[in-house]
There are 4 protein chains.
Amino acid sequence: MTTFPTSLGTSTSDEIRLLGQDLTADLMGKVGFGELAFWLVALRRPTPSETRLFEAVLVALADHGFTPTAIAARLTYLSAPDSLQGALAAGLLGGGSRFLGVTEDCGTYLHEALLGHELPADEAGWDALAVEVVTETREAGKYVPGLGHPVHKERDPRTPVLIAIAADEGLLGPHLQLFQAIGRTHEQVLGRKLPLNGAGVCGAALADLGLPVELLRGFALLARAAGLLGQLAEERRRPIGMDAYLAVDRNAVYVDPI
Amino acid sequence: MTTFPTSLGTSTSDEIRLLGQDLTADLMGKVGFGELAFWLVALRRPTPSETRLFEAVLVALADHGFTPTAIAARLTYLSAPDSLQGALAAGLLGGGSRFLGVTEDCGTYLHEALLGHELPADEAGWDALAVEVVTETREAGKYVPGLGHPVHKERDPRTPVLIAIAADEGLLGPHLQLFQAIGRTHEQVLGRKLPLNGAGVCGAALADLGLPVELLRGFALLARAAGLLGQLAEERRRPIGMDAYLAVDRNAVYVDPI
Amino acid sequence: MTTFPTSLGTSTSDEIRLLGQDLTADLMGKVGFGELAFWLVALRRPTPSETRLFEAVLVALADHGFTPTAIAARLTYLSAPDSLQGALAAGLLGGGSRFLGVTEDCGTYLHEALLGHELPADEAGWDALAVEVVTETREAGKYVPGLGHPVHKERDPRTPVLIAIAADEGLLGPHLQLFQAIGRTHEQVLGRKLPLNGAGVCGAALADLGLPVELLRGFALLARAAGLLGQLAEERRRPIGMDAYLAVDRNAVYVDPI
Amino acid sequence: MTTFPTSLGTSTSDEIRLLGQDLTADLMGKVGFGELAFWLVALRRPTPSETRLFEAVLVALADHGFTPTAIAARLTYLSAPDSLQGALAAGLLGGGSRFLGVTEDCGTYLHEALLGHELPADEAGWDALAVEVVTETREAGKYVPGLGHPVHKERDPRTPVLIAIAADEGLLGPHLQLFQAIGRTHEQVLGRKLPLNGAGVCGAALADLGLPVELLRGFALLARAAGLLGQLAEERRRPIGMDAYLAVDRNAVYVDPI
């Protein structure tokens, strides 16, 4: 008989267990939602400091206004208002490589850069490592994830704030330190100065929290689920979906296929 | 020129605003993720008491083990491991009328039952209202949402705990009071005693928090997004998707169409 | 041991069976794709006449240009170009009650109207039944599905063509006849003349083909899957997703929450 | 004013155009659904021979029984029976790199292998090219897509049939010829004999039809949409979703997180 092992939810007629805890006696009212989300993936309860940094990341990623994914969710809700889950899912499906992927890409990039390196002892050491890593990336013809932003061209306001929270909580780990060093040194390799962006610093912070880098996109999606709920609530109160659709459809122009 | 009004995220080159706040100065590190999710929908920051009750609901709904939606998410991840967002979306798409809909149905049911009624002054008054409402539902040939559970046949352990948290925080509002009265009185109308289930009490609590009843399913989905991340993280560590698939496919039997 | 009965695909090491046929000997190269789609749901192979009508419906529903669902699919592809399946799924998720639901609603409406009625013997009989049904609908405060169109205000060009194909193939069944009678008579009940729309006539034709009315939306979704592939292919060749996004985001205006 | 160019659907009050054709005068009743799907992506109407090969591919890929994606769709329908589009979307979301990706991977692999090579003049030439390509792939530590199958270990019955249809229609192009040559020669490079699988031969045939290799997955998804409709229709008639869920949940075993 095949069995299906799990460390997550199980229940009997009078008890519900989750992560080896009693859901009602140990968790409800005692653990926050962000804490639980961390615990579900990392299989350990985060400390209050870790929770603060983790929730700051989720808050930073929750909503960025009229992104393509927010508009897709609203258009789906316009077409199928009977299925809130469909509109939410449609919004999350845009959480792929481009608009929501930088968090995971940056965390993974830093994680791989640190593998097989001794951690530097001082800022000069971090800078040297950063130069080495960025140079390699450049020579491979690739981009350094987490650098540059279409709107925040000089400075992404999230970056220093998240680094300050991490420092404040004693959680400025190797990923954030390497990311900072990339911020200080990339200009000498790439020939131009770009800001460290918010999605990237979030990826670095999540990696420093010990979360698996292959799943960092998942936290961006969780944060965005809250933001999309906000977008759909607003679509109910003050809809823009019809106008967004008409802005395209009314300006459609037929062109012959080439 | 069509404009697109929003009270959610907007940004300029050096500032990101969300809900009329400065994201980095006012929100990051200062507001929890659950708080922000509430705020995004309700357009007001919840009090600490409200936050505790709200997060207890999210914790209660986050993961229920190997539900159909969790299995669907894992099977999707098995088939398409390159797209975490697809697996998460597939899991959320099961958040419809049956397995995840009770929260919304129950909140809506209580909300509509309270419309046009003066709030009772004492327990006897609540009981009388509950008898009236359940009787009407029965006569319409419908079910009372939030009653009964396939596993917790006697008592759903979440129900008293969530009610205690609400009472403790001074948030035992009319929806929860009517729900309790239904628990005390339905047997005299329906002829059998059923437990108030956890999904139902969560819906009552969310409605008492003033959240729009048309969107209550959305909070169940948000909670479940965290649970599904846990399921997908476990699928990476200790996969069961292939075994779940084979448990069906190896026991397939061809039958002629009728 | 639980077994899982199916009349669809099964296979052994050297044979693949589908619907009780040998996939390679009986189906590939011998049955069209539309035919197979019909067969998979109805469990019988359609006749050539049925296939022609069925495929005319799918062709009519495949693509309606820049619909909300097409735009949602393109925006999702813009955000997550690595996941074609996600973009397609996002587009289909808009296939709900509003923009793609009329086909199913109309088929179901006609189906229910015909239950418990003897089929009329002549046009006058159909007209009398139509007046009865539309009057009942009106008195219940509901809309007659399949009437009216935002663009084709006078006449939906698909309607007479699909009816002509059905007549030509000897497939003008009771659903289409009742729908035509509604077209002739609704003005005397509703006080204004509306066109029979294309989505509605498609639902009537699918119901006349004997397909289960609870699944008519499914055929609209299948047709739309082909249309969405066309949209995504065009998004690769001549992208408009970024412009659609900017048309909204560049005209965003912050408003205080009420 | 931004305009949105398209060669797909546009409409005026009395005409609907699609691909530069009049939908009702030129397409409905005159073009098959498979033909239209091809046309929507390729922007040209396929010949009858091309249509036969193309539809044979769609028929081959439509349903493979209780695949992970079919089970995911059924579980989603069990949870949310109000949203057929959600169940269909959930099933399609599994159409990623593993279970449905071979078609695209194989078409792309062959396409890239042919770039920059003169087409061989005879079978010996094709064999030499195949040996070169497979050797390169092996040396890069990669797999040759389209080789091997978990069930059809000796011979995939779809492969010779699809090749015969292509030959019969005069459509045995370079992708299919290279794929055949890989079938004849890979053993001398890889040291063991594997069958050319059905998903792979479908990818080769689609590439020979001139369809863009970046979108081949899309045709597998379209085919699967029909199959999933069949699965969902069967789930209505003879449900297995609940049993599939219980087969997992009843055999869940709690294990401590490591």
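Counting starts from 1 at the beginning of each chain's written sequence and moves along it residue by residue. As a convention, the first chain written is A and the first ligand written is 1, with the rest following in written order. Per-residue local features are limited, in this predicted model, to residues with pLDDT of at least 70; the limit for side-chain atom pairs, both in listing and counting, is 80 or more; totals at the level of whole chains, interfaces and linings are taken over all residues. For the side-chain quantities, the full set of heavy atoms in the structure was used; hydrogens and water were omitted.

So, the overall build of chain A
- Numbering of helices and strands runs from the N terminus, with a helix taken as a DSSP run of H or I at least four residues long and a strand as a DSSP run of E at least two residues long. Counting its regular elements, chain A contains 12 helices and 5 strands.
- Taken along the three principal axes of its C-alpha coordinates, chain A extends 65 × 60 × 40 Å.
- Taken across its 258 residues, chain A has 62% of its residues classed as buried.
- Whether two residues are in contact is decided by their heavy atoms, any of which lying within 4.5 Å being enough. Of all intrachain contacts in chain A linking residues separated by at least 6 positions in sequence, the fraction that spans at least 24 positions is 72%.
- Looking at chain A as shown, the accessible area adds up to about 9,300 Å², and 51% of this sits on carbon and sulfur atoms. Relative accessibility under 20% of the residue-type maximum defines a buried residue, over 50% an exposed one, and the middle range a partly exposed one, all with a 1.4 Å probe and only protein chains included. Where accessible areas are quoted, they stem from the Shrake-Rupley method and a 1.4 Å probe; at the residue level, only the protein chains shown are allowed to cover.

Focus: the packing of helix 4 (residues 68-79) of chain A against helix 12 (residues 241-249) of chain A
All names here are of chain A.
- Two elements in contact, helix 4 and helix 12, have axes whose closest approach is 9 Å; the angle formed by their N-to-C orientations is 105°. Between helix 4 and helix 12, the interaxial angle falls into the category roughly perpendicular. Across the interface between the two elements, Ile71, Leu75 and Leu78 from helix 4 touch Gly241, Met242, Ala244 and Tyr245 from helix 12.
- In terms of residue class, the contact of helix 4 with helix 12 is made up of 6 nonpolar, 1 polar and no charged. For helices, the axis comes from a line fit to the C-alpha atoms of the stretch in contact; other axes are also lines fit to C-alpha atoms, and the angle between any two N-to-C directions lies between 0 and 180 degrees. Our angle categories are set so that under 35 degrees counts as roughly parallel, over 145 as roughly antiparallel, 65 to 115 as roughly perpendicular, and the remainder as oblique. Charged residues are taken to be Asp, Glu, Lys and Arg, nonpolar residues to be Ala, Val, Leu, Ile, Met, Phe, Trp, Tyr, Cys and Pro, and polar residues to be all remaining types, Gly included.

Let's talk about the relation of the copies chain A and chain B
- Copies overlap after least-squares fitting; the atoms used are the C-alpha atoms of residues with pLDDT of at least 70 in both. Each copy of the sequence occupies a distinct position, and chain A is placed on chain B by a rotation of 180° and an axial shift of 0.0 Å, giving an RMSD of 0.0 Å. In short, the pair behaves as if placed about a two-fold rotation axis. Looking at the rotation axis and the C-alpha trace of chain A, the residue lying nearest is Ala89 of chain A, at 2.4 Å.
- Comparing interface residues between copies, 100% of those in chain A also lie at the interface in chain B; the contact surface is shared.

Brief notes about the packing of aromatic side chains
- Ring pairs shown here join Phe, Tyr and Trp side chains whose ring centres sit within 6.5 Å, with only the six-membered ring taken for Trp; geometry is labelled stacked below 30 degrees between planes, edge-to-face above 60, and tilted in between. Considering all chains together, one arrives at 14 aromatic pairs over all chains under this definition.
- Consider the rings of Phe66 of chain C and Phe4 of chain D, whose centres lie 6.5 Å apart with planes at 75°: the pair is edge-to-face. Residue Phe66 of chain C is found in the loop between helix 3 (48-61) and helix 4 (68-79), and its partner Phe4 of chain D is found in strand 1 (residues 4-6); the two belong to separate chains.
- Classification of Phe4 of chain D as buried rests on a relative accessible area of 1%.
- Put simply, the rings of Phe38, Phe54 and Phe219 of chain A touch in pairs and so form one group of aromatic residues.

Quick look at the interface of chain A and chain B
- Facing the 82 residues of chain A at the interface are 82 residues of chain B.
- Taking both sides of the interface into account, the surface hidden between chain A and chain B amounts to around 6,800 Å²; carbon and sulfur atoms contribute 72%.
- Take a side-chain nitrogen of Lys or Arg and a carboxyl oxygen of Asp or Glu: if they are within 4 Å of each other, that pair is a salt bridge. Scanning the region where chain A abuts chain B turns up 0 salt bridges.
- By the criterion applied in these results, polar contacts are pairs of N or O atoms within 3.5 Å in which, for protein atoms, one can donate a hydrogen and the other can accept it, and in which residues neighboring in sequence qualify only through two side-chain atoms. At the boundary of chain A with chain B, the tally comes to 16 residue pairs in polar contact (both at pLDDT 80 or more).
- For the side of chain A that touches chain B, the element with the highest residue contribution is helix 11 (residues 216-237) of chain A, accounting for 16 residues.
- Among the residues making up the side of chain A that touches chain B, the classes are represented as 44 nonpolar, 21 polar and 17 charged. Accessible surface is computed with a 1.4 Å probe, and the buried area is the amount of it that two parts give up when combined, taken over both parts together.

Concerning the relation of the copies chain B and chain C
- Taken as rigid bodies, chain B and chain C are interconverted by a rotation of 180° and an axial shift of 0.0 Å, the fit giving an RMSD of 0.0 Å.
- In this assembly, 100% of the residues forming the interface of chain B have copies in chain C that are likewise at the interface, indicating an isologous arrangement.

Quick notes on the pairing of strand 3 (residues 15-18) of chain A
All names here are of chain A.
- Here strand 3 shows one buried face, formed by Ile16 and Leu18, and one open face, formed by Glu15 and Arg17.
- When strand 2 (residues 10-12) meets strand 3, the two strands line up antiparallel, connected through 3 bridges. Bridging from a neighbouring strand, Thr10 pairs with Arg17 of strand 3.
- Pairing between two strands is assigned when DSSP locates at least 2 bridges connecting them. Linkage of strand 2 to strand 3, two consecutive antiparallel strands, is achieved through a turn of 2 residues.
- Direction of pairing for strand 3 relative to strand 4 (residues 21-22): antiparallel, over a ladder of 2 bridges. Bridging from a neighbouring strand, Arg17 pairs with Asp22 of strand 4.
- Following strand 3, the chain reverses through 2 residues before pairing antiparallel with strand 4; Leu19 in that reversal takes a positive phi of roughly 60°.

As for the interface of chain B and chain C
- Each partner contributes to the interface: chain B provides 26 residues, whereas chain C provides 26 residues.
- When the buried surface of chain B facing chain C is broken down by residue, Phe4, Asn251 and Tyr254 of chain B rank first, second and third, together holding 28% of it.
- Here chain B is connected to chain C by 0 salt bridges.
- Summed over the shared surface of chain B and chain C, the number is 12 residue pairs in polar contact (both at pLDDT 80 or more).
- At the level of elements, strand 1 (4-6), helix 5 (84-93), helix 12 (241-249) and strand 5 (252-254) of chain B are the ones that each hand at least two residues to the side of chain B that touches chain C.
- A breakdown of the residues in the side of chain B that touches chain C according to their chemical character gives 15 nonpolar, 9 polar and 2 charged.
- Both strand 1 of chain B and strand 5 (residues 252-254) of chain C contribute to a ladder of 3 bridges, which runs parallel. When the sheet's bridge partners are listed, Pro5 of chain B is paired in strand 5 of chain C with Val253 of chain C.

So, helix 11 (residues 216-237) of chain C
- Here the expected span of a helix is defined as 1.5 Å times the quantity of residues minus one. Spanning 22 residues, helix 11 of chain C covers 32 Å between terminal C-alpha atoms, matching the ideal 32 Å at 1.5 Å per step.
- Taken across its 22 residues, helix 11 of chain C has 20 buried, putting it largely inside the fold.

Some words on the pattern of salt bridges
Residue and element names in this part refer to chain A.
- Evaluated as defined, the whole model comprises 49 salt bridges over all chains.
- Residue Arg74 is joined to Glu235 by a salt bridge in which the shortest nitrogen-to-oxygen separation is 2.7 Å. Taken together, the residues span a long stretch of sequence, with Arg74 in helix 4 and Glu235 in helix 11 at a distance of 161 residues. Each member of the pair, Arg74 together with Glu235, is buried.

Some words on the environment of Val248 of chain C
- Take Val248 of chain C: it is sitting in helix 12 (residues 241-249).
- Note on Val248 of chain C: relative accessible area 1%, which makes it buried.
- Apart from residues no more than four positions distant in its own chain, Val248 of chain C is found in contact with Phe66, Ile71 and Ala244 of chain A together with Phe4 of chain B.

A look at the confidence of the model for chain A
- On average, residues of chain A score 95 in pLDDT, and 100% of them are at 70 or above.
- Predicted complex metrics record ipTM = 0.96 and pTM = 0.97. Each residue carries a pLDDT score, the predictor's own confidence in it, on a scale running from 0 to 100.

So, empty space enclosed by the protein
- Two kinds of site are reported from a 1 Å grid over the protein atoms alone, namely cavities, where a 1.4 Å probe fits but cannot get out, and pockets, open sets with protein on both sides within 12 Å along at least five of seven lines, and residues are called lining when an atom falls within 4 Å of a point. Grid points are joined across faces, edges and corners, and a volume is the space filled by probe spheres set on the points. The final tally for this structure, using the stated rule, is 1 cavity of 30 Å³ or more.
- As for the largest cavity, its lining consists of Ile71, Leu75, Ala244 and Val248 of chain B together with Ile71, Leu75, Ala244, Tyr245 and Val248 of chain D.
- Among the elements of the structure, helix 4 (68-79) and helix 12 of chain B together with helix 4 (68-79) and helix 12 (241-249) of chain D are those that each provide at least two residues to the lining of the largest cavity.
- Classifying every residue of the lining of the largest cavity gives 9 nonpolar, no polar and no charged.

Details of the sheet that holds strand 4 of chain A
- Judged by pairing direction, the sheet is antiparallel, and its 3 strands sit side by side in the order 2-3-4 (chain A) without closing on themselves. The sheet terminates laterally at strand 2 and strand 4 of chain A, the two strands that pair on one side only.

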